[in-house]
Amino acid sequence: MSGALLAAACSGSDSADSPNATEAPATAAEADPDSSEPADTSDTAAQSTEPDEPAPLEDADQLTSEGEGNADLASLEPVAGGEITFGLTNDGTGFDTTGAIAPGSIRVITALNDSLVGLDANANWQPNLAESLTPNDDFTSWTITMRQGLLFHDGEPVDGEAVRANLQAFKDSPIVGFAMAQITTITAVDELSVRLDLSAPWASLPYGLVGQPGWMVSPSTIGTNETFTGTGPFMLESWTPGDGARVVRNPNYWRADEGLPYLDAINFKFLVDLTVKRQAFEAGDVQGYISPGDEDIVDFLEDDETDVWIGTAGANEYLWLLNTTAPPFDDLRVRQAMAHAIDKQFIIDTFRSGLTIPANGPLNPSDRWYTENNYPQFDPAAAQALVDEYEAEVGPIEFELSIEPNASVIEVAEVMMSFLTDVGIDGKIKEIGQGQSALTAIQDDFQAFSWFQFGSPDPDGEYPFFHSSGGFLNWTNLVSADIDAGLDAGRQNIDEAARKAGYAQFLQALGDEVPMIWVDHLNGVEAVVTLPELHGIGTPGLLPDGSASLAMTNGNFFAWPGVWIEQ
């Protein structure tokens with residue numbers, strides 16, 4: 001499950017201004033600091049290597065300009081206290097962990113909660129809120145053991161029964177429960193342990209507990225939307241839809257003996273417009289913000305008074321979902337024609353300042369699991385031939401593109417529409433409400449959808465969004481035996497070669513079937529802009545065992561406990 005299962009998975013995601021989105025969720029994967037050692041057998045399943053070929057602007061320290069962000073960090077001691085105001089792109093719509101969570105909400109939740117599982121500096125899973133996750137010999141059962149003494153924000157214990165209640169509620173959800181369809185029973189076996197029994201082997205299951213399925217809330221609040229009573233470093237003091245939220249230090253945080261969190265409070269401010277975000281930053285009204293425009297990134301890279309952080313561990317993709325069960329996209333020729341018609345490099349050069357790379361699927365070329373596929377490339381003549389063939393048999397090609405009200409994303413969509421017009425495809429933009437993307441997609445109330453998602457550190461995180469068993473989460477409704485077989489192989493095997501062969505089969509089938517129109521991998525434009533005095537954003541934190549955590553996932557998701565500001 002890719003981070004916040006639905007948060008990043010929508011057209012209005014926080015990465016939307018980068019040209020996210022989780023969206024997971026998010027993503028698009030979001031990760032918090034993590035913990036001790038997994039079972040001995042987990043290392044093979046969870047291994048992650050450094051990218052073979054970095055995307056534009058990436059480097060090992062996740063800095064985007066020489067000398068920024070890391071100057072004399074070794075000599076600086078974190079300072080406790082103070083509060084900051086931080087700019088977000090999208091509004092929140094509530095905090096129900098068993099439903100579709102909007103990007104603005106998930107950004108706040110990252111400060112309110114720690115997941116059962118986190119990611120280390122190599123993007124391998126590690127226990128976090130949980131003390132251990134142990135599989136049986138064939139990965140058809142996992143036992144999760146919690147740490148002693150954990151408390152929710154309301155003082156209730158984070159015990160085996162609380163974990164069971166959260167996981168069961170997620171599994172029973174008609175909206176997101178398909179992501180746990182392979183789990184047959186969830187049993188609290190003792191005070192601190194829960195056993196998950198499965199219908200088939202699931203070697204990479206812990207990755208699915210990094211995000212939304214792994215968020216634990218006090219049992220009496222499960223399913224509530226107005227508040228979030230979690231386990232994290234901060235507690236929700238207030239939330240004002242359309243404006244923002246304020247979170248304050250949790251005095252009973254389970255890592256308080258490490259001095260965490262450092263900040264007293266964070267004020268999240270929803271700032272949709274790119275210009276408004278930058279003006280607020282330059283005026284000192286916010287000390288940092290996510291999803292700067294590509295021009296902001298280019299400008300701030302040259303500014304010694306501003307730090308720009310870009311994560312290397314995954315990034316969302318910009319794409320259009322196509323509803324393959326609704327005309328005209330129930331015909332493969334139309335989907336292929338659209339892919340051939342759109343000049344992705346023109347979009348990248350025009351709207352991303354050349355900072356991103358073209359996408360042919362959900363895995364970046366720098367990903368160890370990536371393989372080439374036969375996704376249709378820019379070829380207007382081939383597009384025209386397919387359009388002519390379809391129109392001779394069926395008639396004109398007309399469709400609506402659903403999209404949330406975001407001026408910069410709509411501008412990109414309009415240019416893409418112009419490419420389609422050139423080959424005789426008539427598309428119109430249909431604006432939907434802010435934060436309504438996931439619900440609209442779940443209801444299948446669309447023909448095409450402007451979308452940001454994916455970038456999970458492990459491809460198994462994308463399973464429910466492409467596998468035919470994904471139900472509502474199989475956004476495009478495509479049923480493909482090859483896609484299913486490839487994803488199943490990747491999920492059930494711990495052998496790396498077998499997993500890679502499975503994901504190659506998945507990617508090839510995805511390129512052949514064209515259920516999405518892929519544009520670009522957003523490495524290079526998913527970023528965080530901060531004052532130099534604000535620390536801990538783009539640098540690794542520490543896991544409970546003292547080792548380094550992954551600094552950022554999906555471009556600009558990071559953990560809040562280690563963030564501090566010079567006083």
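Criteria and cut-off values
- Residues numbered from 1 in each chain as written.
- Predicted model: local features only at pLDDT ≥ 70, side-chain atom pairs only at ≥ 80, totals over all residues.
- Heavy atoms only, no water.
- Helix = DSSP H or I, 4+ residues; strand = E, 2+ residues; numbered from the N terminus.
- Areas by Shrake-Rupley, 256 points an atom, 1.4 Å probe, with all protein chains shown as cover.
- Buried < 20%, exposed > 50% of the residue type's maximum accessible area, 1.4 Å probe, protein only.
- Contact = heavy atoms within 4.5 Å.
- Axes fitted to C-alpha atoms, helices over the stretch in contact; angles between N-to-C directions.
- Parallel < 35°, antiparallel > 145°, perpendicular 65-115°, else oblique.
- Nonpolar A, V, L, I, M, F, W, Y, C, P; charged D, E, K, R; others polar.
- Pairing = 2+ DSSP bridges.
- Phe/Tyr/Trp six-rings, centres within 6.5 Å; stacked < 30°, edge-to-face > 60°.
- Lys NZ or Arg CZ within 6 Å of the ring centre and 35° of its normal.

**Topic: the overall build of the protein**
Turning to step 1, where the next piece is worked out: Scanning the protein from terminus to terminus reveals 13 helices and 21 strands.
Turning to step 2, where the next piece is worked out: Accessible surface, the protein: about 18400 Å² in total, of which carbon and sulfur atoms supply 48%.

**Here's the deal with the environment of Leu 401**
Turning to step 1, where the next piece is worked out: Looking at where Leu 401 falls in the secondary structure, it is placed in strand β15 (residues 397–403).
Turning to step 2, where the next piece is worked out: Here Leu 401 falls in the buried class, since its relative accessible area comes to 0%.
Turning to step 3, where the next piece is worked out: In sequence terms Leu 401 and Lys 430 are 29 residues apart; their C-alpha atoms lie 5.6 Å from each other.
Turning to step 4, where the next piece is worked out: Excluding its chain neighbours within four sequence positions, the residues that come into contact with Leu 401 are Trp 320, Ala 413, Met 417, Lys 428, Ile 429, Lys 430, Ala 448, Phe 449 and Ser 450.

**Side note on the packing of helix α4 (residues 274–282) against helix α5 (residues 294–301)**
Turning to step 1, where the next piece is worked out: Running from amino to carboxyl end, α4 crosses α5 at an angle of 30 degrees, the nearest separation of the two axes being 10 Å. The angle between α4 and α5 places the two elements in the roughly parallel class. Side by side, α4 and α5 meet where Leu 274, Arg 278, Phe 281 and Glu 282 of the first sit next to Glu 295, Asp 296, Asp 299 and Phe 300 of the second.
Turning to step 2, where the next piece is worked out: Here the contact of α4 with α5 is composed, by residue class, of 3 nonpolar, no polar and 5 charged.

**A look at the sheet that holds strand β11 (residues 288–290)**
Turning to step 1, where the next piece is worked out: With mixed pairing, the 7 strands of this open sheet are ordered in space as β8-β9-β10-β1-β11-β19-β12. Edge strands, defined here as strands with exactly one partner in the open sheet, are β8 (234–240) and β12 (307–310). Neighbouring strand axes in the sheet, compared pairwise and without regard to direction, differ in orientation by 20 degrees on average.
Turning to step 2, where the next piece is worked out: Across 3 bridges, the pairing between β11 and strand β19 (residues 527–530) is antiparallel. The partner of Gly 288 across the bridge, within β19, is Thr 530.
Turning to step 3, where the next piece is worked out: The strands touched by α5 are β11, β12 and β19; relative to β12, the strand with the most contacts, the crossing angle is about 125 degrees.

**Overview of the packing of aromatic side chains**
Turning to step 1, where the next piece is worked out: For the coordinates displayed, the defined rule picks out 25 aromatic pairs.
Turning to step 2, where the next piece is worked out: Taking 5.9 Å as the distance between ring centres and 45 degrees as the angle between the ring planes, the aromatic pair formed by Phe 139 and Trp 142 counts as tilted.
Turning to step 3, where the next piece is worked out: Overall, the relative accessible area of 1% leaves Trp 142 in the buried class.
Turning to step 4, where the next piece is worked out: Ring centres of Phe 329 and Phe 399 lie 5.4 Å apart, and the angle between their planes is 70 degrees; this geometry places the pair in the edge-to-face category. Pair noted here: Phe 329 is in the loop between β13 (317–322) and α6 (332–341) and Phe 399 is in strand β15, with a separation of 70 residues, a long-range link.
Turning to step 5, where the next piece is worked out: Judged by its relative accessible area of 0%, Phe 329 falls in the buried class.
Turning to step 6, where the next piece is worked out: The exposure class assigned to Phe 399 is buried, which follows from its relative accessible area of 3%.
Turning to step 7, where the next piece is worked out: Above the plane of the ring of Trp 254 lies Arg 255, whose end atom (NZ or CZ) is 5.9 Å from the centre.
Turning to step 8, where the next piece is worked out: Over the aromatic face of Trp 369 sits the side chain of Arg 368, whose NZ or CZ is 4.6 Å from the ring centroid.

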